[in-house]
Amino acid sequence: MPTFKDFERGAERYFRSCKFLSDNTVSQKKLVYSYLKEFLKGKENEPITVETMMDFRNSLSDFKATTINKYMSQLRSMFSWMEETGYWNGANPVRQTLKVRSPEHQIKKVLNDTDLFRISHMNEIAPSQDRVTLRRKAVVMILLTSAIRESELIAIRPVDLDWERGTIYIAKGKGDKDRTVLFSEPAQAAVMAYMDLSRPKKATDTDPLFISSERFGIVGICRKTVMRDVKEFVKQLTGRTDISPHCLRHTSARQMISAGVPIAEIQALLGHASTTMTEHYAKLLAPDVAPIKSAAEVFNKKSM
């Protein structure tokens, strides 16, 4: 029966065949591959069975059901490719029965008005010129006021920022679609402080906006860094430990929906393929105040 060693050899060939997939899709597949590799560390010569993959699925219990299913689906497609091309001499161990049942979609973890006030008044509450703190504030302010995904944040370059128009160009977002989102005044102020005092001077306008460290060259931050930056920054100012990057996206959507920004505009800003998901957000987030003209008015008036 094939082992992880066999899967590893097949994976090398598989990733070479992925040149027609988006960078984000390949990155996701490599991520779940790394999780499986870590899970099977020390067991590389043991057979990979349905039971093995069930145990691996169960090890992902900290993730949402939708995320687990996405990861398992990516592995299933990898095994299927290897079966068809002769790199896996056995049945696909990732069965459809391993799918986790998703609970009804709920949006509970968003920043409240007090949280938003404390974050927007950081300079008075907890002033800091620390390099990491400056980066964390810029990360949070962009996510909070633009409603972009963390993968989209990681890909932003200074050349994508239009300071005069107050926009950020998102290249190849989810579904390989380009779009333009809000670059609010509060986000501009935070990014400017970060670029002046924290971003490495060697970094160019075509390098990633957010740099992890200069020790290994100019390298952009990864998803784990974005998660840590958001959690640490929000915890420092609000005491909350339940806020992730995606929670900031939900918070941003709530602010726009509650302010009455038209669903079609919110759909464009969020990068939803249709208004169905945007309308689902609207239903869950319960708008409660009168309409205003645009997302820019929502966030710029808050003096974040």
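Criteria and cut-off values
- Residues numbered from 1 in each chain as written.
- Predicted model: local features only at pLDDT ≥ 70, side-chain atom pairs only at ≥ 80, totals over all residues.
- Heavy atoms only, no water.
- Helix = DSSP H or I, 4+ residues; strand = E, 2+ residues; numbered from the N terminus.
- Rg over C-alpha atoms; globule rule 2.2 N^0.38 Å.
- Buried < 20%, exposed > 50% of the residue type's maximum accessible area, 1.4 Å probe, protein only.
- Contact = heavy atoms within 4.5 Å.
- Areas by Shrake-Rupley, 256 points an atom, 1.4 Å probe, with all protein chains shown as cover.
- Lys, Arg positive; Asp, Glu negative; His and termini not counted.
- Charge placed at Lys NZ, Arg CZ, Asp CG, Glu CD.
- Disulfide = S-S within 2.5 Å.
- Axes fitted to C-alpha atoms, helices over the stretch in contact; angles between N-to-C directions.
- Parallel < 35°, antiparallel > 145°, perpendicular 65-115°, else oblique.
- Nonpolar A, V, L, I, M, F, W, Y, C, P; charged D, E, K, R; others polar.
- Pairing = 2+ DSSP bridges.

Asker: Would you mind going over the overall build of the chain in detail, with residue names and values included?
Answerer: Helix and strand content of the chain: 14 helices and 5 strands. In terms of overall dimensions, the chain is globule-like: its C-alpha atoms have a radius of gyration of 21 Å, near the 19 Å expected for 304 residues. For the chain, the C-alpha atoms occupy an extent of roughly 65 × 45 × 35 Å along the three principal directions. For the chain, buried positions account for 45% of its 304 residues. Residue pairs in contact within the chain that sit at least 24 positions apart in sequence constitute 66% of those at least 6 positions apart. For the chain, the exposed area adds up to about 16200 Å²; of that, 50% sits on carbon and sulfur atoms. A distance of 2 Å separates the average location of the 47 positive side-chain charges in the chain from that of its 36 negative side-chain charges.

Asker: Break down the state of the cysteines for me, citing the residues and quoting the values.
Answerer: Within the structure shown, the criterion is met by 0 disulfides. Among the cysteines around Cys222, which has no disulfide bond, Cys247 carries the closest sulfur, lying 19 Å off. Since its relative accessible area comes to 39%, Cys222 is described here as partly exposed.

Asker: An account of the environment of Phe117 is needed here, citing residue identities and associated values.
Answerer: Along the chain, Phe117 falls in helix H5 (residues 113-120). Classification of Phe117 as partly exposed rests on a relative accessible area of 49%. Through-space distance from the C-alpha of Phe117 to that of Thr238 is 9.5 Å; in sequence the pair is 121 residues apart.

Asker: Tell me about the packing of helix H7 (residues 131-146) against helix H11 (residues 245-258), and please be specific about residues and values.
Answerer: Two numbers describe how H7 lies on H11: the axes approach to 6 Å, and their chain directions differ by 40 degrees. When the axes of H7 and H11 are compared, the pair comes out oblique. Contacts between H7 and H11 pair Val140, Leu143, Leu144, Thr145 and Ser146 from the former with Pro245, Leu248, Thr251 and Ser252 from the latter. A per-class count over the contact of H7 with H11 returns 5 nonpolar, 4 polar and no charged.

Asker: Please provide a residue-by-residue account of the pairing of strand S2 (residues 167-170), values included.
Answerer: Side-chain direction in a regular strand flips from residue to residue, so the side chains alternate between the two faces of the sheet. Burial along S2 is one-sided: the face carrying Ile168 and Ile170 is buried and the face carrying Thr167 and Tyr169 is not. Pairing of strand S1 (residues 161-162) with S2 involves 2 bridges; the strand directions are antiparallel. Across the sheet, Asp162 pairs through a bridge with Thr167, a residue of S2. Between S1 and S2, which pair antiparallel in sequence order, lie 4 residues; one of them, Gly166, sits at a positive phi of approximately 70 degrees. Strand direction decides the pairing type here: S2 and strand S3 (residues 179-182), joined by 4 bridges, are antiparallel.

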